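Structure at a glance
Chain by chain, the residues:
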Amino acid sequence: MNLTVLKLRLGMILTSLGIFLLGFALVFAVVSYFYGMSFAPAIIIGILSFLIALNIIQWLFGPYLINAMYKAVEVTPNDPKYGWLVDVVNEVAYYNKISPPPKVYIADVPFPNAFAYGSPIAGRRVAITLPLLKILNKEEIKAVLGHELGHLRHKDVELLMAIGLIPALIFWIGYSLMWSGMLGGEGEGRNNNAGSLWLVGIALLAVSYIFQFFLLHLNRMREAYADVNSAETVPGGAENLQRALAKITLSVDPETIERYRRKHNNNIVNMLFFAPTEVQEDIPENNVDELIEYWKREKVPWYADFFSDHPHPAKRIQLLEKLKYSH
């Protein structure tokens, strides 16, 4: 196994375990302090049960809301204009050993995007927006689909939903303590005076916000791992995903090349899947090549994508470049 991929997998495992263990330890310590160790499990389980039920409902019915938001329409193999997409998705699903393959949707929104989603009642789905179809060729679309089906293959939605329970749990414990303090701190606990309840509640709300940065870090690793999936499963996936990323960036920000040429590269679009609404469809191939070369050589500071749920594009291009020569 490629050493870079091994490090990525180990990082995801350690980050996931760290979020779980640190979050639960913090919550258990706080609840035990105010309400005693005998009551702490019941309180935590009660709040967790509510959050899990809420998440499951959102998960089950989320695909229908996504279809409505993105104006997504299912594509059938007989569709005279987009039926070929079903064959492309089926091919990438075969590479990824996903059976049955996900249903295919076209989303009528004004930005280049592709995303995989689904639930036990809605089934697995993959959606491609109209602008993406206009700027990418078939091989580049396959590479993007290799990334998206990687999310389905790795069950990223379920994993991130489970780990997302931790900051949500911290938030609701903090919210409850804050209001208990505001209402006078009455209750069965030994240390639940109003002032300490309110202060610790506010502190936990802040901590829940900090935990969101841990989730962003984990999500960046999951996105990088989905890039790895495309490179490992789709023929030519690494190179074509590089070109897809460059084309998407140039389509929503045509001045990227000029900024690189002037070495003013702090305003680059750094997410593959969400972008502004002005899309340029005619993208010169030499600009694509030039941007990829800039990204290959760019030294990205650690904080460049700190607030993003996707890695900086230069990091993605450099990872894919390593994978091109490891297979």
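Keep in mind the model is a prediction, meaning the values are calculated, not measured. (Residues numbered from 1 in each chain as written. Predicted model: local features only at pLDDT ≥ 70, side-chain atom pairs only at ≥ 80, totals over all residues. Heavy atoms only, no water.)

Quick look at the nonpolar core
Membership of the largest hydrophobic core comes to 76 residues, with the highest contact counts inside it found for Leu85, Ile141, Leu145, Leu169, Ile173 and Trp295. Of all the elements, helix 8 (residues 194-233) adds the most residues to this core, at 10 residues. For Ile173, the residues in contact, after removing those within four places along its chain, are Val27, Val31, Ile43, Ile47 and Leu204. (Core = buried A, V, L, I, M, F, W, Y, C linked by side-chain atoms within 4.5 Å. Buried < 20%, exposed > 50% of the residue type's maximum accessible area, 1.4 Å probe, protein only. Helix = DSSP H or I, 4+ residues; strand = E, 2+ residues; numbered from the N terminus. Contact = heavy atoms within 4.5 Å.)

Notes on the pairing of strand 3 (residues 114-119)
Counting buried positions along strand 3 gives 6 out of 6 residues, so the element sits mostly inside the fold. Burial along strand 3 is two-sided: the residues Ala114, Ala116 and Gly118 and Phe115, Tyr117 and Ser119 are all buried. Sheet topology note: the strand 3/strand 4 (residues 123-129) ladder contains 6 bridges and is antiparallel. If you follow Phe115 over to strand 4, its bridge partner there is Ala127. (Pairing = 2+ DSSP bridges.)

With respect to the UniProt feature "transmembrane region" (unreviewed entry) in the protein
The UniProt record annotates "transmembrane region" (unreviewed entry) at residues 12-35, 41-61, 159-177 and 197-216. Structurally, residues 12-35 comprises 100% helix and 0% strand, and the distance from its first C-alpha atom to its last is 34 Å. Structurally, residues 41-61 is divided into 100% helix and 0% strand, and its ends, taken at the C-alpha atoms, are 30 Å apart. (UniProt positions renumbered as here; feature names shortened; annotations may be inferred.)

A short note on the pattern of salt bridges
Considering all chains together, one arrives at 17 salt bridges under this definition. It is possible to trace a salt-bridge network through shared partners that takes in Glu140, Arg243, Lys247, Glu285 and Asp289. (Salt bridge = Lys/Arg side-chain N within 4 Å of Asp/Glu carboxyl O.)

Considering helix 3 (residues 83-95)
Listed as buried for helix 3 are Gly83, Leu85, Val86, Val88, Val89, Val92 and Ala93. Where helix 3 is buried, its residues contact strand 1 (72-75), strand 2 (103-107), strand 4, helix 4 (130-135) and helix 5 (138-153). Trailing helix 3 by a residue or two, Lys97 shows a phi angle of about 60°, which is positive.

A look at the confidence of the model for the protein
The predicted structure's coordinates, where accompanied by low pLDDT, should not be read in detail. With 92% of its residues at a pLDDT of 70 or more, the protein has an overall mean of 90. In this model residues 264-277 is a low-confidence stretch, pLDDT under 50, and it forms 48 contacts with partners more than four residues away in sequence or in other chains. (pLDDT = per-residue confidence, 0-100.)

Topic: the domain arrangement of the protein
Taken domain by domain, the protein holds domain 1 (1-70 + 157-326) and domain 2 (71-154). Interface of domain 1 and domain 2: buried area, both sides summed, is about 3300 Å²; carbon and sulfur atoms make up 63% of it. At the junction of domain 1 and domain 2, the tally comes to 2 salt bridges. For Lys247, the salt bridge goes to Glu140, with nearest N and O atoms at 3.0 Å. Across the domain 1-domain 2 interface, the total number found is 17 residue pairs in polar contact (both at pLDDT 80 or more). Every element with two or more residues in the side of domain 1 that touches domain 2 is listed here: helix 2 (40-70), helix 8 and helix 9 (237-252). If you tally residues by element for the side of domain 1 that touches domain 2, the top one is helix 2, at 10 residues. (Domains from an automatic or database assignment. Buried area = accessible area lost by both parts, 1.4 Å probe. Polar contact = N/O pair within 3.5 Å; in protein donor to acceptor, adjacent residues only side chain to side chain.)

Regarding helix 5
With 16 residues, helix 5 ought to run about 22 Å at 1.5 Å a step, and its terminal C-alpha atoms sit 22 Å apart, in line with that. Counting buried positions along helix 5 gives 13 out of 16 residues, so the element sits mostly inside the fold. Here helix 5 starts with a cap whose side-chain oxygen sits 3.1 Å from the backbone nitrogen of Glu139, and that cap is Asn137. Phi for Lys155, located one or two positions after helix 5, is positive at around 55°. (Expected span 1.5 Å × (residues − 1).)

Examining the UniProt feature "binding site: Zn(2+)" (unreviewed entry) in the protein
Mapped onto the present numbering, the UniProt feature "binding site: Zn(2+)" (unreviewed entry) falls at His147, His151 and Glu223. Across 77 residues of sequence, these annotated residues stay compact in space, with a maximum C-alpha separation of 8.1 Å. Following the sequence through the fold, His147 ends up in helix 5. When its relative accessible area of 0% is taken as the criterion, His147 is described as buried. Relative to the helices and strands, Glu223 is located in helix 8. A polar contact is formed between the side chain of Glu223 and the side chain of His147, at a distance of 2.8 Å.

So, unusual backbone geometry
Going from Ser99 to Pro100, the amide bond is cis rather than trans, its omega being -5°. Checked against the element boundaries, Pro100 lands in the loop between helix 3 and strand 2. One non-glycine residue, Lys97, adopts positive backbone phi at about 60°. A positive phi angle is found at Lys155, which is not glycine, with a value near 55°. Looking at the element boundaries, Lys155 is found in the loop between helix 5 and helix 6 (156-163).

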